[in-house]
Amino acid sequence: MKLNTQFMGQTLIHALAGVPVTLEITIVTLLISVPLAFLMALARIKGRGIGNRIISVYVSMIRSTPVVLQILFLYSLIPTLLNYLLNQVWHLDINIFRVNPIVYAFVVFSLNTTAILSEVFRSALLTVGKGQMEAALCAGLTSWQAYIRIVIPQALVSALPNLCNTSINLLKSTSLAFMMTVKDIMAITKVDAAFGYNYIEAYLVVFVIYIVLCTVVQLLFTFIEKNLSGYKKLVAG
């Protein structure tokens, strides 16, 4: 089998145009998910009411269903239902199908990532002893000051490896955005491959691009982890 290197070169150039879209979905999703997941983690640690149960059910549902199914549900079923309610029931004359597909990508991946990160943050917060919070409160700090200055820095270091894994998995999962007609890396290469059925060459290009992107993410988190671990050296000293 001989690979069409000329096609691979052209497809690489075309696929690189989809990298900003892939990174946009990843970054926006993390910006939405991280604060929400942290608040959900705090709620699960502190609360025992109905809110805690709702969060538990939400996390369980998201973790128990594949991303593909979540995409099909949120991109196909919900818009159809909303279109029916808005136009047939409430007569608002709003075309829900004109919404930019990338918005659906933000919603789907944010819902998925928030559920995963809430468990990451919850386990990381539980690694910090309760005595440190009590000592901070006795020293005159408020609860939020204690969290920001004492609890979160330590919990963040513990959470970084799982946060890195979640970010990489998110980056790879964005390849499913083509199912929502988002023109990301995968969508562009699939279109190129369809003309001459050069799918092997196209997938090899995608393979290389994602390896490079994921490697960069790993290096970034390694750098962050080294800098945030400085407090451990101070404690040891």
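Residues numbered from 1 in each chain as written. Predicted model: local features only at pLDDT ≥ 70, side-chain atom pairs only at ≥ 80, totals over all residues. Heavy atoms only, no water.

**Describing the confidence of the model for the chain**
What counts is decided by this rule: Each residue gets a pLDDT score, which is the predictor's confidence in that residue and runs from 0 to 100. The helix count covers DSSP runs of H or I at least four residues long, the strand count covers runs of E at least two residues long, and both are numbered beginning at the N terminus.
When the pLDDT values of the chain are averaged, the result is 89; 96% of them are 70 or greater. Across the chain, the element-wise mean pLDDT spans from 53 in helix α10 (residues 230–236) up to 95 in helix α5 (residues 101–126).

**Remarks on the side chain of Thr174**
Selection criterion: Summary of the burial criterion: residues with accessible area below 20% of their type's maximum are buried, those above 50% are exposed, and those between are partly exposed, where the area comes from a 1.4 Å probe applied to protein chains only. Any two residues whose heavy atoms approach within 4.5 Å at even a single point are treated as in contact.
In this fold, Thr174 is placed in the loop between α7 (143–173) and α8 (185–196). A relative accessible area of 0% places Thr174 in the buried class. Non-local contacts of Thr174, meaning those with residues more than four positions away in its chain, are made with Thr22, Ile25, Thr26, Phe109, Asp184 and Tyr210.

**What to know about the pattern of salt bridges**
Put simply, the test is: Any Lys or Arg side-chain nitrogen located within 4 Å of an Asp or Glu carboxyl oxygen qualifies as a salt bridge.
Per the counting criterion, the structure on display carries three salt bridges. Between Glu119 and Arg122 there is a salt bridge; the shortest N-O distance is 3.1 Å. With a gap of three residues between them, Glu119 and Arg122 both fall in helix α5, about one helical turn apart. Look at the salt bridges and you will find they share partners, linking Arg44, Arg63, Glu119 and Arg122 into a network.

**Concerning a nonpolar patch on the surface**
Using the following cut-off: Patches here are clusters of residues that have more than 30% relative accessible area and form no salt bridge, with a 9 Å joining cutoff for like charges and a 5 Å cutoff for nonpolar side chains (Val, Leu, Ile, Met, Phe, Trp, Tyr). Note that accessible areas follow from Shrake-Rupley with a 1.4 Å probe, and for residues the cover is restricted to the protein chains shown.
On the surface, Leu81, Tyr84, Val89, Trp90, Leu92 and Ile94 cluster together to form a nonpolar patch covering roughly 610 Å² of accessible area. As for its placement among the helices and strands, Leu92 is situated in the loop between α4 (67–89) and α5.

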